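# Structural overview for review
Below, each chain spelled out in residue letters.
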Amino acid sequence: AIVWLKEMFRQELDLRPPPLAKINDRSVVIYDDNDVPIAHAIRVNRWKGCEINSLVVDPAHRGKGISHKLLEKCGTGRLFAYTRDGRLQSALEKAGFERSATPGFLGSLNVLISRLAMVSWMILSFEFKRIMHQLKHIRDYKLYVRE
C-alpha cells in the first residue's frame, strides 16, 4: 500500500512529497476487491476539527464515486479540506461541506505552521517542481468546511 501511495504522491503535485507518504491510524484507505489500495486520505487534528488532506483516488478508479465513499469514511465532526480540483470540490459539496474563507483563527494558525514545515521539507528534499506548482496555484485552492 505504501508503494502505491508514494506513486500517487509522485504523480499529484498538489499533494505532499512522496517521502512523507505514510499509512497510519490517521489514514483512511479504500481497497478494491483484490485488496489493492485505490483511494487514500489523511485526517489531521487541526484545532477543533480535522483537516482532510492528501486525498487521492487512483486515476483508474476516478469517476466511480470513490471520493464520496472516502469522505464518508473520514467520519463525522468538524472537517475541512483545501482543494483546487473541481471534481473533489463537487464531492465535498455533495457530502455537506460548504465553501469558507477560513477554518477559524487557531485552525488557520495550525494550518500555516504545518504548511511552513511542509515547504521547509520540500526545500530540503529539492522538491522545487512541487513548490513551484503549489505556489503557481496557491490562489486556486478553496476551503470547504463541514460542521
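Preceding this section is the structure that the text describes.
In this report, we go over the structure that sits alongside the text. (Residues numbered from 1 in each chain as written. Predicted model: local features only at pLDDT ≥ 70, side-chain atom pairs only at ≥ 80, totals over all residues. Heavy atoms only, no water.)

## Regarding unusual backbone geometry
Basically, it comes down to this: Each helix is a run of H or I in the DSSP string that is no shorter than four residues. Each strand is a run of E no shorter than two, and both are numbered from the N terminus.
If you check the backbone angles, Asp35 has positive phi at about 65 degrees while not being a glycine. Checked against the element boundaries, Asp35 lands in the loop between strand 1 (27-31) and strand 2 (37-45). In this structure, Phe126 is a non-glycine residue whose phi angle is positive, near 60 degrees. Within the element layout of this structure, Phe126 appears in the loop between helix 4 (105-124) and helix 5 (128-136).

## A few points about the environment of Ser27
Just so we agree on the cut-off: Any residue under 20% of the maximum accessible area for its type is buried, any over 50% is exposed, and the rest in between are partly exposed; the area is computed with a 1.4 Å probe on protein chains only. Contact between two residues is taken to exist if any of their heavy atoms lie within 4.5 Å; hydrogens are not considered. Between N or O atoms, a polar contact is any pair within 3.5 Å; within protein, one atom must be a potential hydrogen donor and the other a potential acceptor, and residues adjacent in sequence are included only when both atoms are from side chains.
You can see Ser27 is positioned in strand 1. The class of Ser27 is buried, set by a relative accessible area of 15%. Between the alpha carbons of Ser27 and Leu15 there is a distance of 14 Å; along the sequence they are twelve residues apart. The contacts of Ser27, once residues within four sequence positions are left out, are Lys22, His40, Ala41 and Ile42. A polar contact of 3.0 Å, which involves the side chain of Ser27, links it to the backbone nitrogen of Asn24. Only 3.4 Å separates the side chain of Ser27 from the side chain of His40, close enough to count as a polar contact.

## What to know about a nonpolar patch on the surface
The test is simple: Residues enter patches when their relative accessible area tops 30% and they take part in no salt bridge; the joining distance is 9 Å for like charges and 5 Å for the nonpolar side chains Val, Leu, Ile, Met, Phe, Trp and Tyr. Areas reported here follow the Shrake-Rupley algorithm with a probe of radius 1.4 Å; residue values treat only the protein chains shown as occluding. Each salt bridge in this description consists of a side-chain nitrogen of Lys or Arg and a carboxyl oxygen of Asp or Glu lying within 4 Å of one another.
Together, Trp47, Phe105, Leu106, Leu109, Leu112, Ile113 and Leu116 give the surface a local cluster of nonpolar side chains, amounting to about 740 Å² of exposed area. Residue position: Phe105 is located in helix 4. For Phe105, a relative accessible area of 67% puts it in the exposed group.

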